[in-house]
Structure formats: C-alpha cells, structure tokens
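Read off the chains here:
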Amino acid sequence: MIIDAHIHTTGRECARDVLDALDAAGIERGVLLAPFLSEGYSLDDADSLRRGNAHLATLVAGHADRLAGLAVVDPRDPAAPADLRHAIETLGLTGAKMVPTGWFPYEDRVQPVFAVASELRLPVLFHSGIFIDGRSGRFCRPVFFEVLREHPGVRVTLAHLGWPWTDEAIAVGLIDRIHGIAPERVTFRFDLSFGAPPPCRRETLARALEVLGPELLQFGSDCFTPCPGSEFAERLGWLLALLDELGVHGAARHSVLCGTAANWLAPCADVPARQARAA
Ligand SMILES: [Zn+2]
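Residues numbered from 1 in each chain as written. Predicted model: local features only at pLDDT ≥ 70, side-chain atom pairs only at ≥ 80, totals over all residues.

1. Here's the deal with the overall build of the chain
Link 1 in the chain: A tally of regular secondary structure across the chain gives 8 helices and 9 strands.
Link 2 in the chain: Here the C-alpha radius of gyration of the chain, 17 Å, is about what a compact globule of 279 residues would show, namely 19 Å.
Link 3 in the chain: Per-residue burial for the chain yields a buried fraction of 48% across its 279 residues.
Link 4 in the chain: Partitioning the intrachain contacts of the chain with sequence separation of at least 6 by distance along the chain shows that 79% fall at a separation of at least 24. (Helix = DSSP H or I, 4+ residues; strand = E, 2+ residues; numbered from the N terminus. Rg over C-alpha atoms; globule rule 2.2 N^0.38 Å. Buried ≥ 20, exposed ≤ 12 C-beta atoms within 10 Å, placed from the backbone. Contact = placed C-beta atoms within 7 Å.)

Below is the structure:
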C-alpha cells in the first residue's frame, strides 16, 4: 500500500478526478490539503479558507477509505480556532495544514489554534523550509516548531524535511528518539516532498534515514489536483529510485511508503491530549 501524505487541491477538482489519478499511479490513499494557493483562495483571506475547507469536505465525503482532508487555517485570525474545530467536528475533516508566513510558530497569538489541535488530537502538517515561490522562508525554520511539544496529542509532520535546514529538522525529530519514544507516538515526523533540489536529495534522504529511521519519514508528492496520474507516478518514481539506490527495502520501505503516514493519521488511543474545554 502507498499513501501520498501531501496533495494540494485547487478548488477545481472533483473526487473522481483525484481517485482516478491516484489509481493510475498505484496510490491507495491520499492526504488532501484544502486550497490556499490557487485562484480565488488565499492564506490572507479567512473567508476563502473557509470556502476551501468546505470544498475539501465535499471531496473527501464518502471516501474515508481513500482520502483524508486537512483543513487550512490562518492562526493569526482570531476565528481560526473555531474554524478548525468546525472543520473537524462539523465538516468531517481529519486534521490541519498550516503555513507560517507572517507569523512564527512560537508566537503567543497562534497558540490557541494549536490548543484546539491538541484537544482534538489532530495530525497537523506544516510547511517547513524555504518557499520556492519567492516568499520568505524565515518563518519556517524547523526549530521554531519545537513549541508544538507543549501541545500534547498533536502529531506534527514537517514538510520537505525542512530543506535547506535538514540537519535542523533531523535534530528536532531526533529528540523523541533519544528519549526512546516509539515512532507512532513521536511529536515530529517528516514528509519527503522535495524540497531539496535533485543534486541534494540522495544525501539528504540517506542522512534522514540513518539518523531518524524510516519510521519518521513519509512520502508526499506535493502534486496539485486535478492532474493526471502520471504526475503522481513521476514524483513517486523519484522517491522509489532513491530508495532503490540506498537499498531501502522490506519493512523500511513499507514505513516510508505508508506505515509512517498511517500512524500519523490514526491517533494512539493512550496518548494524552489537553483536557477538553470546561463546559
Ligand atoms: Zn505543498
């Protein structure tokens, strides 16, 4: 089984488009992000994000076996905690995607959203590392996400292995391993959507595999739907070729292609979360 843990929607796709493309690429499950980069949607426009989350909810409805949806919220917006709760409890989405741009993850003003994610024990995907569209990546250094440790129950994935700050990302991820925490219970895991340009990929992946282990790494295509299955297949192929080169087979390969993401999406029953709000 293969899980693609990082797929962008644009607001222009239907569920059939997505499922057909995943089928063509041999990908069983996809983690879809609500639209925020395509026309009509913006991280600076909370109404557009609400519309995007509603669109995503219609996409994934009835396809829980194949598709999981991550709501996008802007933590600077005072309504973001309520929007996130609504996306999970009413719209039926699974978790959240957030992009630090104009805010740092350790700022007091953004902690209320993380508190909701903790209470609801959500998987949360963060952009980490440089942006390729020219926005400043200075908000997205891996070490800035350490504050998520103060929100137990949140299961964080840092995208792109934090490139170019991959050693920093690995260090953030290593702490739980040093303390002997099982891979399915760690705060941080990392997606292998690139991120690193081709000349850097092999070395980056090899180091992450060696230090963190495959149980903290997961495949993500970073494709934008609607797109043909060949795009998913091409990006999956980049990773498969590297895994072949590095001799990653068997259980380790299984972790990278689906096991890590499956653990991320499904909470461990006995991981404590923040106390629910007083009634
Ligand atoms: Zn992305």
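2. Looking at the sheet that holds strand 7 (residues 188-191)
Link 1 in the chain: The strand order across the open sheet built from 9 strands is 8-7-6-5-4-3-2-1-9, with neighbouring strands paired in parallel fashion. Each of the sheet's edge strands pairs with one partner strand only, and the pair in question is strand 8 (217-218) and strand 9 (223-224).
Link 2 in the chain: Taken together, the 3 bridges between strand 6 (residues 155-158) and strand 7 define a ladder with parallel strand orientation. Within strand 7, the residue paired with V156 across the bridge is F188. (Pairing = 2+ DSSP bridges.)

3. Some thoughts on the nonpolar core
Link 1 in the chain: Within the largest apolar cluster, 81 residues are counted, with the highest numbers of intra-cluster contacts made by L32, L84 and A117.
Link 2 in the chain: Discounting chain neighbours no more than four positions away, the residues touching A117 are L84, A96, L122, V124, H151 and V154. (Core = buried A, V, L, I, M, F, W, Y, C linked by C-beta atoms within 7 Å.)

4. Some thoughts on helix 5 (residues 166-178)
Link 1 in the chain: A rise of 1.5 Å per residue sets the reference length of helix 5, with its 13 residues, at 18 Å; its end C-alpha atoms lie 18 Å apart and thus fit the reference within 8%.
Link 2 in the chain: By the burial criterion, the buried members of helix 5 are T166, A169, I170, V172 and G173.
Link 3 in the chain: Following helix 5 by one or two positions, G180 adopts a phi angle in the positive range, close to 75°. (Expected span 1.5 Å × (residues − 1).)

5. Remarks on the confidence of the model for the chain
In low-pLDDT segments, the atomic positions of the prediction should not be examined closely.
Link 1 in the chain: Per-residue confidence for the chain gives a mean pLDDT of 95, with 96% of residues at or over 70.
Link 2 in the chain: Per-residue pLDDT stays below 50 along residues 275-279; that stretch engages in 2 contacts with residues further than four places along the chain or on separate chains. (pLDDT = per-residue confidence, 0-100.)

6. Some details on helix 8 (residues 250-265)
Link 1 in the chain: Taking 1.5 Å of rise per residue, 16 residues should cover 22 Å, and helix 8 covers 22 Å from first to last C-alpha, within 8% of that figure.
Link 2 in the chain: Within helix 8, burial applies to S255, V256, L257, C258, G259, T260, A261, N263 and W264.

7. Remarks on the environment of E13
Link 1 in the chain: If you trace the backbone, E13 turns up in the loop between strand 1 (3-8) and helix 1 (15-25).
Link 2 in the chain: Residues E13 and F126, 113 residues apart in the sequence, show an inter-C-alpha distance of 23 Å.
Link 3 in the chain: For E13, the residues in contact, after removing those within four places along its chain, are V18, T225 and P226.

8. Some details on the environment of H151
Link 1 in the chain: By the element assignment, H151 lies in the loop between strand 5 (123-126) and strand 6.
Link 2 in the chain: In this structure H151 comes out as buried when scored by C-beta crowding, with 21 C-beta atoms within 10 Å.
Link 3 in the chain: Spatially, the C-alpha atom of H151 lies 6.7 Å from that of F114, the residues being 37 residues apart in sequence.

9. Details of the packing of helix 5 against helix 6 (residues 198-211)
Describing two packed helices takes the angle between their axes plus the distance from one axis to the other.
Link 1 in the chain: Where helix 5 contacts helix 6, the two axes come as close as 10 Å, and the packing angle between them is 15°. With respect to their mutual orientation, helix 5 and helix 6 come out roughly parallel. As helix 5 runs across helix 6, the sense of the crossing is right-handed. Along its contact with helix 5, which presents T166, I170 and L174, the element helix 6 presents T204, R207, A208 and V211.
Link 2 in the chain: Taken together, the residues that form the contact of helix 5 with helix 6 break down as 4 nonpolar, 2 polar and 1 charged. (Axes fitted to C-alpha atoms, helices over the stretch in contact; angles between N-to-C directions. Parallel < 35°, antiparallel > 145°, perpendicular 65-115°, else oblique. Left-handed = near helix turned anticlockwise from the far one by under 90°. Nonpolar A, V, L, I, M, F, W, Y, C, P; charged D, E, K, R; others polar.)

10. Section: unusual backbone geometry
Link 1 in the chain: In the segment running from W163 into P164, the intervening peptide bond is cis, with an omega of 10°.
Link 2 in the chain: Here the residue pair T225 and P226 is connected by a cis peptide bond, since its omega of 0° sits within 30 degrees of zero.
Link 3 in the chain: For P226, the location among the structural elements is in the loop between strand 9 and helix 7 (229-245).
Link 4 in the chain: Residues other than glycine seldom take positive phi values, yet R121 does so here, at roughly 55°.
Link 5 in the chain: Looking at the element boundaries, R121 is found in the loop between helix 4 (111-119) and strand 5.
Link 6 in the chain: One non-glycine residue, L161, lies in the positive phi region at around 50°.
Link 7 in the chain: If you trace the backbone, L161 turns up in the loop between strand 6 and helix 5.

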